[in-house]
Every structure is written in C-alpha cells, then in structure tokens.
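Architecture at a glance
The residues making up each chain are set out below.
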Amino acid sequence: MVRHLFAPALAVLSLAAFPALSQQAGETIKVGQSPEYGQHLVDGEGRAVYLFTADDQGQGDTKEAVSNCYDSCAEAWPPVLSEAEPQAEGAAQSELLGRIERKDGDMQVTYNGWPLYYFMQDQDTGQAVGQELVSFDGEWYLVRADGEKVGHE
C-alpha cells in the first residue's frame, strides 16, 4: 500500500528532531529486521535506509547514479553520507555498495546503484515509517540485501 506524504506535513520537521546524521568517516551498511517489513538495510546504528524512485539508478560502468533529492526533499529525507568508502557488514553485499558526489560536494552512499536516504520521521532505530511513501514526485522504499525494493519481488 503506497501512502502519500504531503510537503506541508514536512514543514514541522527539523534536523534537530532527528538523531545526528553527520557525515561518517566510512558508513557501515548492514541488514536489520523490522516486524512489519522483515529484513532490510540499515546503517551501522540500526537506522533504516531508503531508495527514492525519482533518482537515477546507476548500472555498472554504463550509467552513474544520480540523486534528485535536494532542498526540502533532502531535509525530510537526509542522504546517507560517507567521507570514505562505505563498508558492508553481515548479509549486506560489499559489491553493491558505492558512493556518488552530490551537487554540494558531499559523498552519498549507494547500494545496487540507488542513492540511500534516511527518513526524518524514523525517530528510533528499528523504525521504518517511510516505507512506500509517495512524496517529492517519487516513491520511497526500504532496500533488501540483494538491492531490490522491500515488498516488490
């Protein structure tokens, strides 16, 4: 079930309301578990990460991933950033991890060619309230260890 999130609802959110999302020296991506969605990717602290269907998925050497989430989008859905190459842990696949440079010069973590994001309304580890939301002209999904969207085979 795809849910819609409207921009006015995001106006009440602020970065201060979310745990620190500072750029990590080398972000860790691993597989976590939620009761509602099963296994999906999380960061090293257990926070859910998402892909955005309005982004351009990178595909090998032929097509580079492109983030299309900036300004108010990136405030609601902060990018997963990493100063160094991200690290896979557990069932996460290191060969699917990568990074792209954003317009502001920050390095965003990718998985299976998809730029990764957090959701501001996920206030605690283990939360995944952003799954299947529609906002900013795209849909948001948790990511499986194989790099595909959660809930879509």
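Look up: the structure comes first, before these words.
Procedures and definitions
Residues numbered from 1 in each chain as written. Predicted model: local features only at pLDDT ≥ 70, side-chain atom pairs only at ≥ 80, totals over all residues. Heavy atoms only, no water. Helix = DSSP H or I, 4+ residues; strand = E, 2+ residues; numbered from the N terminus. Buried < 20%, exposed > 50% of the residue type's maximum accessible area, 1.4 Å probe, protein only. Contact = heavy atoms within 4.5 Å. Areas by Shrake-Rupley, 256 points an atom, 1.4 Å probe, with all protein chains shown as cover. Pairing = 2+ DSSP bridges. Phe/Tyr/Trp six-rings, centres within 6.5 Å; stacked < 30°, edge-to-face > 60°. Lys, Arg positive; Asp, Glu negative; His and termini not counted. Salt bridge = Lys/Arg side-chain N within 4 Å of Asp/Glu carboxyl O. Polar contact = N/O pair within 3.5 Å; in protein donor to acceptor, adjacent residues only side chain to side chain.

**With respect to the overall build of the chain**
Per the secondary structure count, the chain includes two helices and ten strands. In sequence order, the chain lays out its α and β elements as β-α-β-β-β-α-β-β-β-β-β-β. Buried positions account for 47% of the 153 residues belonging to the chain. For the chain, the proportion of contacts with a sequence separation of at least 24, taken over those separated by at least 6, is 65%. Carbon and sulfur atoms make up 47% of the accessible area of the chain, which totals about 7600 Å².

**Concerning the sheet that holds strand β8 (residues 114-115)**
Reading across from one edge, β6-β7-β8 is the order of the three strands in this open sheet, with antiparallel pairing throughout. Looking at the sheet topology across the chains shown, the edges are occupied by β6 (97-101) and β8. The pairing of strand β7 (residues 107-111) with β8 spans two bridges and is antiparallel. Residue pairing across strands places Thr110 opposite Pro115, the latter belonging to β8.

**Focus on the sheet that holds strand β5 (residues 87-88)**
Taking strand neighbours across the sheet as the criterion, the three strands line up as β3-β2-β5 in an open arrangement whose pairing is mixed. Each of the sheet's edge strands pairs with one partner strand only, and the pair in question is β3 (38-43) and β5. The pairing of strand β2 (residues 28-34) with β5 spans two bridges and is parallel. By the bridge assignment, Thr28 is partnered in β5 with Gln87.

**Some remarks on the packing of aromatic side chains**
The geometry of an aromatic ring pair is captured by two quantities: the separation of the ring centres and the angle between the planes. Using the criterion set out here, one finds seven aromatic pairs in the structure. With 3.8 Å between their ring centres and 0° between their planes, Trp77 and Trp140 make a pair best called stacked. Here Trp77, found in the loop between α2 (72-76) and β5, pairs with Trp140, found in strand β10 (residues 138-142); they are 63 residues apart in sequence, far enough to count as distant. By the burial criterion, Trp77 is buried, and Trp140 matches it.

**Side note on the environment of Gln108**
Mapped onto the fold, Gln108 is located in strand β7. A relative accessible area of 0% means that Gln108 is categorised as buried. Put simply, Gln108 and Ser82 are 26 residues apart on the chain and 6.2 Å apart in space, counted from C-alpha to C-alpha. Setting aside residues no more than four positions away along its own chain, Gln108 makes contact with Ser67, Pro79, Val80, Leu81, Gly98, Arg99, Ile100, Arg102, Pro115, Leu116 and Tyr117.

**Some remarks on the side chain of Arg102**
Structurally, the position occupied by Arg102 is in the loop between β6 and β7. Buried Arg102, no salt bridge; nearest opposite-charge side chain is Asp104, N-O distance 4.3 Å. There is a polar contact of 2.8 Å between the side chain of Arg102 and the side chain of Ser67. Excluding its chain neighbours within four sequence positions, the residues that come into contact with Arg102 are Ser67, Cys69, Tyr70, Ala74, Pro79, Leu81, Gln108 and Tyr117.

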